[in-house]
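The primary structure of each chain is shown beneath.
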Amino acid sequence: IVLSGMLFSLLVGGACWLLLTIHQHPSKEIMQGIKRGQFHVEYQPLVTAQDGKPYGVEALLRWTHPSEGMIPPDAFISYAEAQNLIIPLTRHLFKLVARDAHEMCHQLPRGTRMGLNLSPLHLASDSFRRDVQDWIADMPPNHFNYVFEITERTMVKEKNAGEIFAWLHDNDIKIAIDDFGTGHSALIYLEKYPFDYLKIDRGFVQSIGTETVTSPVLDAVLLLARKLNLKTVAEGVETGDQAAWLVNRGVTHLQGYLFSRPLKPENLVNYYQQQLAA
Ligand code: C2E
Ligand code: CA
Ligand code: CA
Ligand code: CA
């Protein structure tokens, strides 16, 4: 019984399954969580590889459930996607980011990168363009450089991906291909679509120095990115050795606990002040 239970949870997807067993009505709880202000956003700094100075942030959604405490985004995002809640949830994210941005913008340099994770389901929806335009209208004008981080699932699912990407570029939004190196990483997408950033998945970064097999693959990806004129962000950088290896190979930006964990707005502003003064 224990074994079949474990198998079941593996099949259904660990985190999602957990959420479903703890809660009778998780959909209702997400909508309630939005209404009751249980979500907030944390911002993880990215640094420029050459000088280690802050370059921008990635916005990461957080849910503090009244009885369960912190529920990780990997658990509720996939659930929200499955239950058609990802659009209201992302609209809520837009609101929270705009509110934080107005508070922080006086203390963050103009041109600070503001990266958001977007679901392919939202990109393909009829409301996407209006939602994005509403968000930009809500943001402090001319202060942040926007980047939407998307995964390969978007290209697999959406035939009109090229058209959507062109529209984003027309609206001054840059595109990052996220989690590169996981899933069915099709190199062909890199040439087919006009990405601005390639984010190298944490799994790759963690294998640096430990797995001899991975480094040549990563080498090849970095070479290709350079040829295609893509900026590269290595995610999940935790050690100085990893950072040195990546900088040596020409990675342009780094992100990870070595530099900073995701931070609440007031702490992000402090981080920026310290790092820019250093
Ligand atoms: P992601 O887009 O790959 O985000 C990076 C994740 O790596 C974050 O986890 C971040 O906290 C974590 N991380 C950063 N540096 C390190 C490090 O040095 N070591 C380790 N071990 N981890 C590090 P988080 O915040 O739990 O988010 C997980 C995923 O949930 C994200 O992966 C993203 O796919 C999704 N997500 C988060 N916020 C949103 C959102 O607002 N919308 C959507 N659609 N997805 C979101
Ligand atoms: Ca991301
Ligand atoms: Ca990622
Ligand atoms: Ca990820």
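Please refer to the structure placed before this passage.
What you see is a predicted model; the values in this text were computed from it and never measured.

Trainee: Let's hear about the side chain of Lys-199: which residues, and what values?
Mentor: Following the sequence through the fold, Lys-199 ends up in strand 7 (residues 197–200). Not counting residues within four places of it along the chain, the set of residues in contact with Lys-199 comprises Glu-58, Glu-149, Ala-176, Ile-177, Asp-178, Asp-179, Phe-180, Val-233, Glu-235 and Gln-255.

Trainee: Residues and numbers for the coordination of the calcium ion (ligand 2), please.
Mentor: Around the calcium ion (ligand 2), the donor atoms from the protein are Glu-58 (OE), Asn-117 (OD1), Glu-149 (OE) and Asp-178 (OD), and they sit 2.2 to 2.3 Å away. Mapped onto the polypeptide sequence, the residues donating to the calcium ion (ligand 2) form the spacing pattern E-x58-N-x31-E-x28-D. Judged by relative accessible area, Glu-149 falls into the buried class, the value being 1%.

Trainee: With reference to specific residues and values, describe the site of ligand 1.
Mentor: Of all residues adjacent to ligand 1, which total 20 residues, the nearest are Gln-44, Arg-62, Arg-202, Glu-238 and Tyr-257. At 3.2 Å, a backbone N or O of Leu-61 approaches a nitrogen atom of ligand 1. Asp-74 is positioned such that a nitrogen or oxygen atom in its side chain is 3.4 Å from an oxygen atom of ligand 1. Across the complex, the protein chains shield 85% of the 800 Å² of accessible surface that ligand 1 would expose by itself. Structurally, ligand 1 is housed in the largest pocket. Counting only elements with at least two residues in the shell around ligand 1, the list comes to strand 2 (54–65), helix 4 (73–82) and strand 6 (173–180). It is strand 2 that provides the largest number of residues to the shell around ligand 1, a total of four residues. Tallied by class, the residues present in the shell around ligand 1 amount to eight nonpolar, four polar and eight charged.

Trainee: Any chance you could break down the coordination of the calcium ion (ligand 4) for me, citing the residues and the numbers?
Mentor: Think of it this way: four donors in a tetrahedron around the metal ideally sit 109.5 degrees apart, and six in an octahedron ideally sit 90 or 180 degrees apart. Only Asp-179 (OD) and Asp-179 (OD) from the protein coordinate the calcium ion (ligand 4), and they sit 3.0 to 3.1 Å from it. Separating the calcium ion (ligand 4) from the calcium ion (ligand 3) is a distance of 3.9 Å, and Asp-179 supplies a donor atom to each of them.

Trainee: Just give me the short version of the pattern of salt bridges, but keep the residues and values in it.
Mentor: Side chains that differ in charge, positive against negative, can pair when their charged atoms come close. Counted under the stated rule, the structure contains eight salt bridges. The salt bridge involving Glu-149 is made with Lys-199; its shortest N-O contact spans 2.9 Å. Separated by 50 residues along the polypeptide, Glu-149 in strand 5 (residues 144–150) and Lys-199 in strand 7 bring together distant segments of the chain. One exposure class covers both Glu-149 and Lys-199, and it is buried. Connected via shared salt-bridge partners are Glu-58, Arg-113, Glu-149, Lys-199 and Glu-235.

Trainee: Give me the side chain of Thr-232: which residues, what numbers.
Mentor: For Thr-232, the location among the structural elements is in strand 8 (residues 231–234). Taking the relative accessible area as the measure of exposure, Thr-232 reaches 4% and is therefore buried.

Trainee: Outline the packing of aromatic side chains, supporting the account with residue identities and numerical values.
Mentor: Evaluated as defined, the whole model comprises 13 aromatic pairs. Relative to Phe-148, the ring of Phe-128 has its centre 6.4 Å away and its plane inclined at 65 degrees; by these criteria the two rings are edge-to-face. Taken together, the residues span a long stretch of sequence, with Phe-128 in helix 7 (residues 128–138) and Phe-148 in strand 5 at a distance of 20 residues. As far as the burial class goes, Phe-128 and Phe-148 line up, both buried. Aromatic rings pair up to connect Phe-94, Phe-128, Trp-135, Tyr-146, Phe-148 and Trp-167 into one cluster. Between the NZ or CZ atom of Arg-261 and the centre of the ring of Tyr-257, over which it lies, the distance is 3.8 Å.

Trainee: Quick one: what's the story with the packing of helix 3 (residues 26–35) against helix 5 (residues 86–104), residue by residue and with numbers?
Mentor: Between helix 3 and helix 5, whose axes approach to 11 Å, the crossing angle comes to 20 degrees. The pairing of helix 3 with helix 5 is recorded here as roughly parallel in orientation. Crossing of helix 3 over helix 5 shows left-handed handedness. Two secondary-structure elements touch here, helix 3 through Ile-30, Met-31 and Ile-34 and helix 5 through Pro-88, Leu-89 and His-92. Among the residues forming the contact of helix 3 with helix 5, the class breakdown is five nonpolar, one polar and no charged.

Trainee: Give me the layout of surface pockets: which residues, what numbers.
Mentor: Computed from the structure, the largest pocket encloses a volume of approximately 1100 Å³. Among the residues making up the lining of the largest pocket, the classes are represented as 13 nonpolar, nine polar and 12 charged. Considered as a void within the structure, the second largest pocket measures approximately 250 Å³ in volume. Lining the second largest pocket are Gly-111, Ile-136, Pro-140, Pro-141, Asn-142, His-143, Phe-144, Asn-145, Tyr-146, Asn-171, Asp-172 and Lys-174.

Cut-offs and rules
Residues numbered from 1 in each chain as written. Chains lettered and ligands numbered in written order. Predicted model: local features only at pLDDT ≥ 70, side-chain atom pairs only at ≥ 80, totals over all residues. Heavy atoms only, no water. Helix = DSSP H or I, 4+ residues; strand = E, 2+ residues; numbered from the N terminus. Contact = heavy atoms within 4.5 Å. Donors = N, O, S within 2.8 Å, 3.2 Å for Na, K, Ca; no water. Buried < 20%, exposed > 50% of the residue type's maximum accessible area, 1.4 Å probe, protein only. Near = heavy atom within 4 Å. Polar contact = N/O pair within 3.5 Å; in protein donor to acceptor, adjacent residues only side chain to side chain. Areas by Shrake-Rupley, 256 points an atom, 1.4 Å probe, with all protein chains shown as cover. 1 Å grid on protein atoms, 1.4 Å probe; cavity = no way out; pocket = protein on both sides within 12 Å on 5 of 7 lines; lining within 4 Å. Sits in = over half its atoms within 2 Å of the grid points. Nonpolar A, V, L, I, M, F, W, Y, C, P; charged D, E, K, R; others polar. Salt bridge = Lys/Arg side-chain N within 4 Å of Asp/Glu carboxyl O. Phe/Tyr/Trp six-rings, centres within 6.5 Å; stacked < 30°, edge-to-face > 60°. Lys NZ or Arg CZ within 6 Å of the ring centre and 35° of its normal. Axes fitted to C-alpha atoms, helices over the stretch in contact; angles between N-to-C directions. Parallel < 35°, antiparallel > 145°, perpendicular 65-115°, else oblique. Left-handed = near helix turned anticlockwise from the far one by under 90°. Points joined across faces, edges and corners; volume = space filled by probe spheres on them.

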